[in-house]
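Chain by chain, the residues run as shown.
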Amino acid sequence: MGPGDPAVDRLVGFRAMGAPVLSAYVGVPPDPSEIKGVHARFLSVLQPVRDMVESDAFTHAQRESLRTDIDRVLEVASRATEMHGHAVGVFACRLADLYEEVQLPKPVRNRAIVDATPYVRPLLEVLDEAHRYLVVVVARDNAWFYEFSLGKLEAGTRVKGRHQRKRDYGGWNGFDEYHARNRAEELARRHYRETAAVIEEMLATTAAELVVVAGHEETVAEFLALLPRALRDKVVGSFVVDPHTMTPGRVREQADDVVAGYELREETRLVADVLDRVGSRGLGAAGLRWCLLAANEKGIERLLVHDEREHPGRTCDRCGWLGLDDQECPVDGSPTRPVPDVIDEIASVVLASSGRVEHVFTDTRLETLGIAAFLRFPVPAPA
Ligand SMILES: [Zn+2]
């Protein structure tokens, strides 16, 4: 995604003069038996927009445009069974002739937003995340490299990876086949080392940071045993596949499972780590009030948000202060204005100061706290 991809570039650069853009993100359950609830989910995500359309905020033309756009987003629900992503992002503005639909490889917060520009931040976050994984299928004399990419898109729109390679395997980008055709058994070890070197090079030159290894069980074991320690630490899991009969779809499905399992463990670990820091008065903050203090001091290095947690709050347009109730900015005395979701505002501040934002979808202690943060410097808890 990003620079170079026409669809994403169009979304990022899109400005509609006087035309409202509807951006919607809706989760799609991976289990087809749950698909019945999808239409209801789309309806509930879009409800605030439907209410708003009937308000006086729009001209007749804008209202008509939004109504069409809402219908187009609802139509996506009927195609949800064909989607293999975990969520879908839709960006529509009939007045300005915009329609893009993007399947996302992991869950995002459900939401619908109307603005003068497409709301692309969640999309960019997910795309960045998706490129963290490199999948390597190893045989004794050959190796295949795959990189995470977005799922196939409906309606002819595709958003592809930043590191698009020569072949497109329908959602997965096949890497140049690495032909080290060492047929002799005793050369297998050399082939494994060469493969490891290619992986190291790819980790250094692409956005990939983590590795999934696949192949016959014994091959995977041999290969993993030969990896240098530093590289071994980057392997998040493995799965069994027969390289002679594998299909890109099957590889993707199994890699998805491995990655999902890893992310679940990782989320649990992150929450435990941040709460450890809070408990030991280290560089951690927990709960909305404390995280607001830390965000106002630009002290958040990594923000953890439970699932789709939202909370109304207030902001000062003059200095950017964020808070819950103050009608007057405590920094400069300007009048503050309400924001529908102050957690989202905190996330923006964190991203703007080169921090990271993680949404935790697993059940952890974060569920009661809502949000927590790894800090750059100590920020005392609120009184
Ligand atoms: Zn202020």
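Trainee: Can you explain the coordination of the zinc ion? Please cite residues and give values.
Mentor: C316 (SG), C319 (SG), C329 (SG), D332 (OD) and D332 (OD) make up the full set of protein donors to the zinc ion, lying at 2.2 to 2.6 Å. Mapping the donors of the zinc ion onto the primary sequence gives the spacing C-x2-C-x9-C-x2-D. Taken as a pair, C319 in the loop between β13 (313–315) and β14 (322–323) and C329 in the loop between β14 and β15 (337–339) lie far apart in primary sequence, 10 residues in all.

Trainee: So what's going on with helix α9 (residues 288–296)? Which residues, and what values?
Mentor: Looking only at α9, the buried set comprises L288, W290, C291, L292, A294 and A295. Count one or two residues on from α9 and you reach K298, which has phi positive near 55°.

Trainee: Report on the packing of aromatic side chains, specifying residues and quantitative values.
Mentor: If you walk through the whole model with that rule in mind, you get four aromatic pairs. Ring geometry for Y25 and F91: centres 5.7 Å apart, planes at 85°, overall edge-to-face. Note that Y25 is positioned in strand β1 (residues 21–27) and F91 in strand β2 (residues 87–93), a separation of 66 residues in sequence. Note on accessibility: Y25 and F91 belong to one class, buried.

Trainee: Which residues make up the nonpolar core, and what values go with them?
Mentor: Ranked by size, the top nonpolar core spans 24 residues in total, and within it L288, I300, L303, I346 and I371 carry the most contacts. Taken together, the elements giving at least two residues each to this core come down to α9, β12 (300–306), α10 (342–352) and β17 (371–375). When residues no more than four places from it in sequence are discounted, the contact partners of I300 are C291, A294, A295, I346, V350, G355, A373, F374, L375 and R376. Counting 22 residues, the second-largest nonpolar core is a separate cluster that includes V38, F58, A77 and A80.

Trainee: So what's going on with the sheet that holds β1? Which residues, and what values?
Mentor: As a general point, the strands of a sheet are linked pairwise by backbone hydrogen bonds and lie either parallel or antiparallel. Strand order in the open sheet made by the four strands is β3-β2-β1-β4, with antiparallel pairing throughout. Looking at strand neighbours, the two that pair on one side only are β3 (98–104) and β4 (111–115), the edges of this open sheet. Averaged over all neighbouring strand pairs, the angle between strand axes comes to 10°, with direction disregarded. As paired elements, β1 and β2 share six bridges and run antiparallel to each other. Residue pairing for β2: V26 is matched across the bridge by V88. Here helix α3 (residues 60–78) sits on the sheet and contacts β1, β2, β3 and β4; the angle it forms with β2, its principal contact strand, is near 160°.

Trainee: Any chance you could break down the pairing of strand β16 (residues 356–360) for me, citing the residues and the numbers?
Mentor: Of all five residues in β16, four are buried, a share of seventy percent or more. Where β12 and β16 come together, five bridges link them in parallel fashion. Within β16, the position partnered with R302 by the bridge is R356.

Trainee: Tell me what's going on with the packing of helix α5 (residues 188–205) against helix α6 (residues 217–226), and back it up with residues and numbers.
Mentor: Contact geometry for α5 and α6: axes closest at 10 Å, N-to-C directions at 65°. As far as their axial angle goes, α6 and α5 are roughly perpendicular. Between α5 and α6 the crossing geometry is right-handed. When α5 is examined against α6, the residues R189, Y192, R193, T195, A196 and I199 are found in contact with a partner set consisting of T219, E222, F223 and L226. Considering only residue class, the contact of α5 with α6 consists of five nonpolar, two polar and three charged.

Trainee: Tell me about the pattern of salt bridges, and name the residues and values.
Mentor: Applying the stated rule across the entire model yields 17 salt bridges. The partner of E253 in a salt bridge is R250, and the shortest N-O contact between them spans 3.0 Å. Placement of both E253 and R250 in helix α8 (residues 248–279) is noted, with a separation of three residues, approximately one turn of the helix. For E358, the salt bridge is made with R356, and the minimal N-O distance between the two is 3.6 Å. Here R356 falls in the partly exposed class, since its relative accessible area comes to 36%. The network of salt bridges with shared partners includes R109, R111, E310, D341 and D344.

Trainee: Give a detailed account of the sheet that holds β16, specifying residues and quantitative values.
Mentor: Across the sheet, four strands lie side by side as β11-β17-β12-β16; this open sheet has mixed pairing. A strand with exactly one partner marks an edge of an open sheet, and here the two such strands are β11 (284–286) and β16. Sheet twist, expressed as the mean angle between neighbouring strand axes with direction ignored, is 15°. Pairing geometry for β11 and β17, over three bridges, is antiparallel.

Trainee: So what's going on with the environment of A255? Which residues, and what values?
Mentor: Mapping A255 onto the fold places it in helix α8. Put simply, A255 and V136 are 119 residues apart on the chain and 9.9 Å apart in space, counted from C-alpha to C-alpha.

Trainee: Would you mind going over the confidence of the model for the protein in detail, with residue names and values included?
Mentor: The share of residues in the protein with pLDDT of 70 or more is 85%, and the mean pLDDT across the chain is 82. Per-element mean pLDDT across the protein ranges from 35 in strand β7 (residues 167–169) up to 98 in β17. Below pLDDT 50 for its whole length, residues 150–183 participates in 108 contacts with residues either more than four positions away or in separate chains.

What counts, and at which threshold
Residues numbered from 1 in each chain as written. Predicted model: local features only at pLDDT ≥ 70, side-chain atom pairs only at ≥ 80, totals over all residues. Heavy atoms only, no water. Donors = N, O, S within 2.8 Å, 3.2 Å for Na, K, Ca; no water. Helix = DSSP H or I, 4+ residues; strand = E, 2+ residues; numbered from the N terminus. Buried < 20%, exposed > 50% of the residue type's maximum accessible area, 1.4 Å probe, protein only. Phe/Tyr/Trp six-rings, centres within 6.5 Å; stacked < 30°, edge-to-face > 60°. Core = buried A, V, L, I, M, F, W, Y, C linked by side-chain atoms within 4.5 Å. Contact = heavy atoms within 4.5 Å. Pairing = 2+ DSSP bridges. Axes fitted to C-alpha atoms, helices over the stretch in contact; angles between N-to-C directions. Parallel < 35°, antiparallel > 145°, perpendicular 65-115°, else oblique. Left-handed = near helix turned anticlockwise from the far one by under 90°. Nonpolar A, V, L, I, M, F, W, Y, C, P; charged D, E, K, R; others polar. Salt bridge = Lys/Arg side-chain N within 4 Å of Asp/Glu carboxyl O. pLDDT = per-residue confidence, 0-100.

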